[in-house]
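Residues per chain, in single letters:
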Amino acid sequence: MSHNMKSPQNPEPYWRDSVKLPSYPPLDKSIKTDVGIVGGGITGITAAYLLAKEGVQVVLIDANELLNGTTGHTTAKITAQHGLIYNELIEHFGSKKASLYYKGATEAKKLINDIVTDNKIDCNLKEEDAYVFTNDDSYISQLEKEKKAYDQLEIPSELVKNMPLDIPMKSALLMKQQAQFHPLKYLKALLKDSVENGLEIYENTTAADIEYNKHPSIILKDGNRITCRYVIEASHYPFYDGQGFYPTRMYADRSYVVAGKSSKKYPGGMYINAENPTRSIRIAEDDIWLISGENHKTGQGKSTMHHYNALEEYAENNFGISEFVNRWSAQDLITLDKVPYIGPITKAQQSVFVATGFRKWGMTNGTLAAKMITDMILQEDTLYKDLYTPSRFQADPALRKFTGINADVAKHMAKGKMDRRDDNLDDLSPDDATVTRINGQRTGVYKDNEENLYAIDTTCTHLKCEVEWNSGDRTWDCPCHGSRFSYTGEVIEGPAKKPLPKIEID
């Protein structure tokens, strides 16, 4: 793989490199419980913690290791400032629901703070001001509109011409007293407390389906089942759709992070720009700068190495970062109206809850989802039920977004099927991949550094789109619904449940 990157060759998030997590066994039998949670990220673990504290019997499973998905790859900002969102929410939902969105994110921030304080968790929780800034004249008016939305919703804020961080900017919107932390140190403490309260945890345990009868059962890949009173799908992408048609109502978006050291002192604050390409900046412990951005739809666009290189160049030019210690990418889901889906998966299936579509703001959205679903299970009122209900369908602008998302899927499905590439494997460099044809079949082939070849059928096992090679992470990614597979074809990220079939090379 030819590139000029200075970051480590293998992608690994700073968070996972800086904390040792416990391991848990796979589940090898059928069991019963009150609540079955699928997905070991911030939503699943927080919900398990809250429910176990109330004496509810909970089983938490993950298809891989806990905290190795989106939560383990976050930038870990705890903020209600989710980009330029509030003016759009007012226009789409009205000021009352827009105010609820802010209130929910603020409540999630407070819950994290309370849990850290009550349990004396050492997770580097630190209050920081948050800034959305622009250096583009055309975005100044958008920041001004967003400031008016803040004022209408009574969100404390300032429109400023200067920031503590010395980078080119023309205007910035400041939201004070937000926060950041080390997400895995925080969630590791929640796991310990939850296990002491009776939580059962099983890793490398894949949920394949839900059987919805009087009590729902999680059907595991090996045929065993977990019979529950309630199921929480906290698996990022819902592994069970329940006829909710989630693939047609959201899309997968990737972003990238480089972590490095600078001779400059970090001035405090958390930053994200309003324009594209996205640039997000924060500091982690050990004076590690985290520079992220370069968003694009999964499986689409330029070589993924281009995005890492662009972030490195930005970090070097603006902050003097020359020593890069980590790099990684993350994937999140974006709904039709940019508001997460949290609640019963469909109106007819009130015992199966889903939490998805966090739009890169999972620390607050994921925490709020856990609290909301816990309240629903405990039959307590939640202010946010109607705003986040997965059953909503706002006709405008969601109908246009619905049409656009599905037209994009159709375009990439057709493009993949018409792909007639037939690259010569003799020209393939080590640690690179290509698409060719073997016995007339579109085939993806990866060559490792020892020149071993790994060939897979490139047809995604979800809804039959054709996957594309992701050079930055050495994965095969689906441009239609965001499924991701290892170079050997194993599922890394859903909605696909089955691996890509292997193909023999003569």
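The rules behind each value
- Residues numbered from 1 in each chain as written.
- Predicted model: local features only at pLDDT ≥ 70, side-chain atom pairs only at ≥ 80, totals over all residues.
- Heavy atoms only, no water.
- Pairing = 2+ DSSP bridges.
- Helix = DSSP H or I, 4+ residues; strand = E, 2+ residues; numbered from the N terminus.
- Axes fitted to C-alpha atoms, helices over the stretch in contact; angles between N-to-C directions.
- Core = buried A, V, L, I, M, F, W, Y, C linked by side-chain atoms within 4.5 Å.
- Buried < 20%, exposed > 50% of the residue type's maximum accessible area, 1.4 Å probe, protein only.
- Contact = heavy atoms within 4.5 Å.
- Disulfide = S-S within 2.5 Å.
- Expected span 1.5 Å × (residues − 1).

Enquirer: When you look at the sheet that holds strand β21 (residues 441-447) in this model, what are you seeing that I'm missing?
Expert: Strand pairing in a sheet takes place through backbone hydrogen bonds and is either antiparallel or parallel in direction. Pairing in this open sheet of 3 strands is antiparallel, and the strands run β20-β21-β22 from one edge to the other. This sheet does not close on itself; its edge strands, each paired only once, are β20 (432-438) and β22 (453-457). Across this sheet, the average inter-strand angle for adjacent strands is 30 degrees, counted without regard to direction. As paired elements, β20 and β21 share 7 bridges and run antiparallel to each other. Bridging across to β21, threonine 434 finds its partner in valine 445.

Enquirer: Explanation requested: the nonpolar core in the structure shown.
Expert: When a protein is soluble and globular, its nonpolar side chains tend to lie buried together. In this structure, Val35, Ile37, Tyr86, Tyr186, Ile232 and Tyr388 are the most contacted members of the largest nonpolar core, which totals 84 residues. Sorting elements by how many residues they give to this core places helix α4 (residues 95-119) first, with 10 residues.

Enquirer: Would you take a moment to explain the environment of alanine 48 for this structure?
Expert: Tracing the backbone through its elements, the reader meets alanine 48 in helix α2 (residues 42-53). Sequence-wise, alanine 48 and glutamate 154 are 106 residues apart; in three dimensions their C-alpha atoms are separated by 33 Å. The contact partners of alanine 48, leaving out residues within four places of it in the chain, are Ile37, Val58, Ser194 and Leu199.

Enquirer: Got a minute to help me understand the state of the cysteines in this structure?
Expert: Covalent bonding between the sulfur atoms of two cysteines defines a disulfide. Using the criterion set out here, one finds 1 disulfide in the structure. Here cysteine 465 is linked by a disulfide to cysteine 480, with a sulfur-sulfur distance of 2.0 Å. Torsion about the S-S bond of the cysteine 465 and cysteine 480 cystine: about -95 degrees, corresponding to left-handed handedness. Pair noted here: cysteine 465 is in the loop between β22 and β23 (468-470) and cysteine 480 is in the loop between β24 (475-477) and β25 (484-486), with a separation of 15 residues, a long-range link. Residue classification places cysteine 465 among the buried positions, given a relative accessible area of 1%. Left without a disulfide partner, cysteine 460 is nearest to the cysteine sulfur of cysteine 478, which lies 4.0 Å away.

Enquirer: I keep staring at the environment of tyrosine 14 and nothing clicks. Help me out?
Expert: Structurally, tyrosine 14 is set in helix α1 (residues 14-17). Separated by 59 residues in the primary sequence, tyrosine 14 and histidine 73 have C-alpha atoms spaced 8.3 Å apart. Apart from residues lying up to four places away in sequence, tyrosine 14 is in contact with Ala284, Glu285, Asp286, Ile288, Asn326 and Trp328.

Enquirer: Can you walk me through α4 in this structure?
Expert: Helical geometry: 3.6 residues make up each α-helical turn, so side chains three or four residues apart lie on a common side. Between the first and last C-alpha of α4 there are 36 Å, a value that for 25 residues agrees with the 36 Å anticipated at 1.5 Å per step. Considered for burial, the residues of α4 that qualify are Ala98, Leu100, Tyr101, Tyr102, Gly104, Ala105, Ala108, Leu111, Ile112, Ile115 and Val116. Directly beyond the C-terminal end of α4, a positive phi value near 50 degrees is found at lysine 120.

Enquirer: Before we go on, may I ask you to explain unusual backbone geometry in this structure?
Expert: With the exception of glycine, the majority of residues adopt a negative phi angle, and the majority of peptide bonds are in the trans configuration. In this chain, asparagine 276 is followed by proline 277 through a cis amide linkage whose omega measures 0 degrees. Tracing the backbone through its elements, the reader meets proline 277 in the loop between β14 (270-273) and β15 (279-284). Of note, the bond from glycine 494 into proline 495 is cis; its omega dihedral lies within 30 degrees of zero at 20 degrees. Mapped onto the elements, proline 495 comes out in the segment after β26 (491-493). In this model, aspartate 287 sits at a positive phi of 55 degrees, which is unusual for a non-glycine residue. Looking at where aspartate 287 falls in the secondary structure, it is placed in the loop between β15 and β16 (288-297).

Enquirer: Please explain the side chain of asparagine 318 as it appears in this structure.
Expert: Topologically, asparagine 318 is positioned in helix α7 (residues 304-319). The exposure class assigned to asparagine 318 is buried, which follows from its relative accessible area of 17%. When residues no more than four places from it in sequence are discounted, the contact partners of asparagine 318 are Asp166, Ile167, Pro168 and Lys264.

Enquirer: What's the story with the sheet that holds β25 in this structure? I'm lost.
Expert: With antiparallel pairing, 4 strands are arranged side by side in an open sheet as β23-β24-β25-β26. Sheet topology places β23 and β26 at the edges, where each strand pairs with a single neighbour. Sheet twist, expressed as the average angle between the axes of neighbouring strands with direction ignored, equals 35 degrees. Across 2 bridges, the pairing between β25 and β26 is antiparallel.

Enquirer: Help me out: how do you make sense of the pairing of β16 in this one?
Expert: Residues in a regular strand project their side chains so that they alternate between the two faces of the sheet. Summarising burial for β16: 8 of the 10 residues are buried, a large majority. The antiparallel hairpin formed by β15 and β16 contains 3 residues in its connecting segment, where aspartate 286 sits at a positive phi of about 65 degrees.

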